Amino acid sequence: MSADLSWRKVKLYYDSNEACAVEDFNNDGWLDISAGRNLFLAPDFVPQPLRDVGEHGVDYAANNGEHAFDVDGDGLLDVIAGSFMEREIYWYRNPGNADLARGKLWKKRLLEVTAEQNEITFLRDMIGDFTPEVVVNSWNQNNAMLFWELTDSGRERRLAKNVIGGLNGHGIGFGDINGDGLEDVLFQGGWYERPANPRQESWVIHEDWNYKQAGCPMIVVDLNEDGRNDVIWGSGHNYGVFWMEQLQSSKGKTQWKEHVIDRSWSQAHALLWEDIDGDGNEDLITGKRVRAHSGNDPGASEPAGLYYYTWDRTKGRFDRHEIDSGDAGTGLFIRAADLNRDSWKDLVVAGKSGTFIFYNEGK
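Residues numbered from 1 in each chain as written. Predicted model: local features only at pLDDT ≥ 70, side-chain atom pairs only at ≥ 80, totals over all residues. Heavy atoms only, no water.

Trainee: Go over the overall build of the protein, please, and point to the residues and values.
Mentor: Secondary structure assignment for the protein yields one helix and 30 strands. Taken along its principal axes, the extent of the C-alpha atoms in the protein is 60 × 50 × 40 Å. Burial analysis of the protein (363 residues in total) assigns 56% to the buried set. Considering only intrachain contacts with a sequence separation of at least 6, the fraction spanning at least 24 residues in the protein is 49%. (Helix = DSSP H or I, 4+ residues; strand = E, 2+ residues; numbered from the N terminus. Buried < 20%, exposed > 50% of the residue type's maximum accessible area, 1.4 Å probe, protein only. Contact = heavy atoms within 4.5 Å.)

Here's what the structure looks like:
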């Protein structure tokens, strides 16, 4: 087992927002943080207004995605965001350094009206043109699986709809399941096989599993180096983090063997696969999504926690390391980036326990 990393925790803000992005928004060479209503500029990360974010239910902020992208091509990173119940996806225009210094709100512009009952919003290159598309996962299985391509419509940027398939479900992931070199789309009820031309050809659905209430994202990686990609997933609203070993296919259907990573805590909704200990191998970072269903999930009253797991290939197991216990959990995203330029990747999480930076101070 490798030595644990040391972490320094800084709480930036407390609200119900569950999404964040880490990018250089003012082009000064330092990474900043956007998280719901607030922008946090480096190096001090003092909150200042970015946009209005509504609320619904007991403790939900209307934000299921926070993604930095230069929508209008002016050299400044804007924010693309969606919501859980509202159908609209908006982009928020970066006003430039002068107005950032004054704390002005970013102008809100509609990209598209999409589906209802959305779980999470991702940016992902779905057509291989090195430009990301908007992908929205829905917990409603009857909502189509779609991706939305940024287009020019007159003087406005809009989204064009592309259909992946008619089934959806809680949880989403991206990776090559069948080894054909093309990235497939995973969800709770199986996976969609990506065709050579994802805009015009049909995506074939393979209902090869049912990972009930899978987290976001599901991670695709060949853990045991047998030439077949495996799947790591967390139970977003129950106990358990698992890796599914892909076995030899049988009669055209993928076969899987379940391995338990950790069943001691619940609501592993957000996962990240990133090398944070500097050994050249990716680690699994995850934690409890605090009050994921407003306190109504199994284990919701138990303490929050944030962890990383190192993979021991020789023993075929993950070893757990604690980042924080009892205070900070996750929301929908975990971001890793070297915020203070010390060559160690730090972590940013935003959830119902607050928005935090965990500075990685090495071993």
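Additional details are given in the paragraphs that follow.
Trainee: Tell me what's going on with the pairing of strand E21 (residues 230–234), and back it up with residues and numbers.
Mentor: For E21, the tally of buried residues reaches five of five residues, placing the bulk of the element in the interior. Residues Asp-230, Ile-232 and Gly-234 of E21 are buried on one face, and the alternating residues Val-231 and Trp-233, pointing to the opposite face, are buried as well. Both strand E20 (residues 218–221) and E21 contribute to a ladder of three bridges, which runs antiparallel. Residue pairing in the sheet places Val-220 in a bridge with Val-231 of E21. Pairing geometry for E21 and strand E22 (residues 239–246), over four bridges, is antiparallel. The partner of Trp-233 across the bridge, within E22, is Phe-242. Between the end of E21 and the start of E22, which pair antiparallel, lie four residues. (Pairing = 2+ DSSP bridges.)

Trainee: Describe the side chain of Asp-184, and please don't skip the residues or the numbers.
Mentor: Along the chain, Asp-184 falls in strand E17 (residues 184–187). An unpaired buried charge is present at Asp-184: no salt bridge exists, and Arg-194, the closest side chain of opposite charge, is 7.1 Å distant. Engagement of the side chain of Asp-184 in a polar contact is seen with the backbone nitrogen of Ile-177, the distance being 2.8 Å. A polar contact of 2.9 Å, which involves the side chain of Asp-184, links it to the backbone nitrogen of Arg-194. (Lys, Arg positive; Asp, Glu negative; His and termini not counted. Salt bridge = Lys/Arg side-chain N within 4 Å of Asp/Glu carboxyl O. Polar contact = N/O pair within 3.5 Å; in protein donor to acceptor, adjacent residues only side chain to side chain.)

Trainee: An account of the sheet that holds strand E3 (residues 32–35) is requested, with residue identities and associated values reported.
Mentor: Taken in spatial order, the four strands make up an open sheet running E2-E3-E4-E5, and their pairing is antiparallel. On the outer flanks of this sheet lie strand E2 (21–23) and strand E5 (46–49), each paired with one strand and no other. Sheet twist, expressed as the mean angle between neighbouring strand axes with direction ignored, is 25°. Across three bridges, the pairing between E2 and E3 is antiparallel. Its bridge partner being in E3, Val-22 is matched across the sheet by Ile-33. (Axes fitted to C-alpha atoms, helices over the stretch in contact; angles between N-to-C directions.)

Trainee: How would you sum up the pattern of salt bridges? Please name residues and give values.
Mentor: This structure, assessed with the given rule, holds 25 salt bridges. When the shortest N-O distance is used, the salt bridge between Arg-37 and Asp-15 registers 3.7 Å. One end of the pair, Arg-37, is in the loop between E3 and strand E4 (38–41); the other, Asp-15, is in the loop between strand E1 (7–13) and E2, with 22 residues separating them in the sequence. In this structure Arg-37 comes out as partly exposed when scored by relative accessible area, which is 23%.

Trainee: Just give me the short version of the pairing of E22, but keep the residues and values in it.
Mentor: In terms of burial, E22 is a largely internal element, seven of the eight residues being buried. For E22 and strand E23 (residues 256–266), the ladder comprises seven bridges, and the chain directions are antiparallel. Counted as the bridge partner of Phe-242 is Val-260 from E23.

Trainee: Can you explain unusual backbone geometry? Please cite residues and give values.
Mentor: As a rule of thumb, non-glycine residues mostly have phi less than zero, and peptide bonds are mostly trans rather than cis. Cis peptide bonds are those with omega within 30 degrees of zero, and the linkage from Ala-42 to Pro-43 qualifies with 0°. When you line up the elements, Pro-43 lands in the loop between E4 and E5. Phi angles above zero are rare outside glycine, and Arg-341 is one such case at about 60°. Not every positive phi belongs to a glycine, and Ser-343 is a case in point at roughly 75°. When you line up the elements, Ser-343 lands in the loop between strand E28 (334–337) and strand E29 (346–351).

Trainee: A description of the side chain of Asn-64 should follow, citing residues and the corresponding values.
Mentor: Secondary-structure assignment places Asn-64 in the loop between strand E7 (60–61) and strand E8 (67–69). Given a relative accessible area of 0%, Asn-64 falls into the buried group. Of note is the side chain of Asn-64, whose polar atom sits 3.1 Å from the backbone nitrogen of Ser-83. Those residues in contact with Asn-64 that lie beyond four places of it in its chain are Gly-82, Ser-83, Phe-84, Asn-118, Glu-119, Ile-120, Thr-121, Leu-332 and Phe-333.

Keep in mind these values describe shape, not function.
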